[in-house]
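If you want the building blocks of each chain, they are given just below.
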Amino acid sequence: LLDTARQIADNSVSLKATWDDSFIGRQGIFVLWTGHPKLWGKVAISSIRDFVATLRGGRADDALMATVYSDPFFLNGEYEKAKIIDRMEEQFPTSIPERIPVLGRFFKASEVAFKNSSLRTRTELYKILRNVKTSRGIEMTPDEVKGLGKIVNSIAARGDLGRAGSNSFARILMWAPKMLKADLDILILHPFVGDGISKSDRGLAMGNLLKIVLATALIEAIATLNDEESTEFNPLSSDFLAIKWGDTRFKFLRGIPAMITLLSRMTIGKYKSATTGEIKEYGSEFAQRSKFDAVIDFFLGKTPPATGAVATLL
């Protein structure tokens, strides 16, 4: 029964995640904000090529893996120690929809573009940051390799949850628990959650967070100068740090603003309506929303489509 529920949840995730080329604007956006625009642009262009090539019947995924398998850092086992070559992606936990006639080709193209973008980002970013470390005279010991892998994976939305991340029950309840963990790692700087990364990697983590903060400040400043109503700086609102354009919201920081909003609401005991702008208090009186409601809403927003549909019906 659990396996059947997991398969339904996995297929709902894969079907929801397809028909686009979304990695560069979602999971991979922090590559741009942490100061690697050339890599981000390279991945973006390559993803489009992979999408088109797969639609035409090509094997862009095999071509990339051939390149990875011949990489010196793969041959010496460094990629494996850093845990950056796993091809299993949360957005595409199953490939069963590929069997759908005609439409399955588009699904396959989306899957290949996403997986190739993720793998290309992790391997190339690893080499860039590895060069930074070795140029400072840091020896790439097993601990250094493992720590750098965690930094790279967090930027690419792949937090380490161990067995819990692939647990059937967890996958039924949450759409992308590894991305949630990656956002948490970035926000509170790995060492505070017991990742055990080295001093040099802590410096990289702090630098990445600072770059993300500066990029956010620049984007929000430009948006505010253009239209003061398009930005929201109150962390009690679900629109916190999103760029508003009519009824559309552009979010460029993955799940970090939502975490800050939840923490702020729990601490202050109030929330701001994204529609009316009214600030209300949480409570237990009739018709009042409680902090428990806020926590439940946060996690309901992380459920796979199938699980979310069941929650909506209930």
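The structure displayed is predicted, hence computed values, not measured ones.

**Q** I'm lost on the overall build of the protein chain in this one. Help?
**A** Of the regular secondary structure elements, the protein chain holds 14 helices and four strands. Since a compact globule built from 314 residues should have a radius of gyration of about 20 Å, the 21 Å found for the protein chain is in line with a globular shape. In terms of principal-axis extent, the alpha carbons of the protein chain reach across some 65 × 50 × 40 Å. Of all 314 residues assigned to the protein chain, the portion counted as buried reaches 47%. Residue pairs in contact within the protein chain that sit at least 24 positions apart in sequence constitute 66% of those at least 6 positions apart. Accessible surface computed for the protein chain: about 16500 Å², of which carbon and sulfur atoms make up 61%. Charge-centre separation for the protein chain: the mean point of 42 positive side chains lies 3 Å from the mean point of 36 negative side chains.

**Q** Got a minute to help me understand the side chain of threonine 231 in this structure?
**A** With respect to the helices and strands, threonine 231 occurs in the loop between α11 (199-226) and β1 (243-245). Side-chain polar atoms of threonine 231 contact the side chain of threonine 224, separated by 3.1 Å. Non-local contacts of threonine 231, meaning those with residues more than four positions away in its chain, are made with Glu220, Ala223, Thr224, Ala242, Ile243 and Lys244.

**Q** Which parts of the structure should I look at to understand empty space enclosed by the protein?
**A** Take a probe with the size of a water molecule and roll it over the atoms, and the empty space left behind shows itself. Tallied over the full model, the rule gives three cavities of 30 Å³ or more. Roughly 90 Å³ of internal volume is contained in the largest cavity. Across the lining of the largest cavity, the residue classes tally to six nonpolar, three polar and four charged.

**Q** Would you take a moment to explain α11 for this structure?
**A** For the α-helix, the turn length of 3.6 residues means that residues three or four positions removed from each other point alike. Between the first and last C-alpha of α11 there are 41 Å, a value that for 28 residues agrees with the 40 Å anticipated at 1.5 Å per step. For α11, the set of buried residues is Ser200, Asp201, Leu204, Ala205, Asn208, Ile212, Ala215, Thr216, Glu220 and Ala223. Here the buried face of α11 lies against α2 (29-33), α7 (103-135), α8 (142-155), α10 (177-188) and β1.

**Q** Is there a simple way to explain a nonpolar patch on the surface in this structure?
**A** Where nonpolar side chains cluster on the molecular surface, the patch consists of Leu15, Trp19, Ile100, Val102, Leu103 and Phe106 and spans about 580 Å² of accessible area. Here valine 102 lies in the loop between α6 (78-82) and α7. On the basis of relative accessibility, which here comes to 67%, the residue valine 102 falls in the exposed class.

**Q** Any chance you could explain the packing of aromatic side chains here in plain terms?
**A** The relation between two aromatic rings is expressed through the spacing of the ring centres and the mutual angle of the planes. Inspection of the entire model under this criterion finds eleven aromatic pairs. An aromatic cluster is built from Phe23, Phe92, Phe107 and Phe114, whose rings are joined through pairwise contacts. Positioned over the ring face of tyrosine 271 is arginine 289, at 5.7 Å from the centre of the ring.

**Q** Quick question: what am I supposed to make of the nonpolar core here?
**A** Here is a general trend for soluble globular proteins: nonpolar side chains tend to be buried in one another's company. Judged by nonpolar contacts, the single largest core of 39 residues is most densely connected at Phe30, Trp33 and Tyr126. Elements supplying a minimum of two residues to this core: α2, α3 (37-55), α4 (60-69), α6, α7, α8 and α11. Residues in contact with tyrosine 126, not counting those within four places in the same chain, are Glu78, Tyr79, Ala82, Ile84, Met140, Val145, Leu148, Gly149 and Val152.

**Q** Honestly, the environment of leucine 300 in this entry has me stumped. Any pointers?
**A** Note on placement: leucine 300 falls in helix α13 (residues 291-300). Judged by its relative accessible area of 42%, leucine 300 is partly exposed. Here the alpha-carbon distance between leucine 300 and glutamine 91, two residues 209 residues apart in the chain, equals 17 Å.

**Q** Would you mind going over the pattern of salt bridges with me for this structure?
**A** Two side chains bearing opposite charge may form a pair once their charged atoms approach each other closely. Scanning all chains against the criterion turns up 20 salt bridges. Among the ionic pairs, glutamate 111 bridges to lysine 115, the shortest N-O distance being 3.1 Å. In this pair, glutamate 111 and lysine 115 are both assigned in helix α7, four residues apart and thus about one turn of the helix distant. Exposure class is identical for glutamate 111 and lysine 115. Each is buried. Taking the shortest distance from any N to any O, the salt bridge between lysine 272 and glutamate 232 comes out at 3.0 Å. Taken together, the residues lysine 272 in strand β3 (residues 270-272) and glutamate 232 in the loop between α11 and β1 connect sequence positions 40 residues apart.

The rules we used
- Residues numbered from 1 in each chain as written.
- Predicted model: local features only at pLDDT ≥ 70, side-chain atom pairs only at ≥ 80, totals over all residues.
- Heavy atoms only, no water.
- Helix = DSSP H or I, 4+ residues; strand = E, 2+ residues; numbered from the N terminus.
- Rg over C-alpha atoms; globule rule 2.2 N^0.38 Å.
- Buried < 20%, exposed > 50% of the residue type's maximum accessible area, 1.4 Å probe, protein only.
- Contact = heavy atoms within 4.5 Å.
- Areas by Shrake-Rupley, 256 points an atom, 1.4 Å probe, with all protein chains shown as cover.
- Lys, Arg positive; Asp, Glu negative; His and termini not counted.
- Charge placed at Lys NZ, Arg CZ, Asp CG, Glu CD.
- Polar contact = N/O pair within 3.5 Å; in protein donor to acceptor, adjacent residues only side chain to side chain.
- 1 Å grid on protein atoms, 1.4 Å probe; cavity = no way out; pocket = protein on both sides within 12 Å on 5 of 7 lines; lining within 4 Å.
- Points joined across faces, edges and corners; volume = space filled by probe spheres on them.
- Nonpolar A, V, L, I, M, F, W, Y, C, P; charged D, E, K, R; others polar.
- Expected span 1.5 Å × (residues − 1).
- Patch = residues over 30% accessible without salt bridge, like charges linked within 9 Å, V, L, I, M, F, W, Y side chains within 5 Å.
- Salt bridge = Lys/Arg side-chain N within 4 Å of Asp/Glu carboxyl O.
- Phe/Tyr/Trp six-rings, centres within 6.5 Å; stacked < 30°, edge-to-face > 60°.
- Lys NZ or Arg CZ within 6 Å of the ring centre and 35° of its normal.
- Core = buried A, V, L, I, M, F, W, Y, C linked by side-chain atoms within 4.5 Å.

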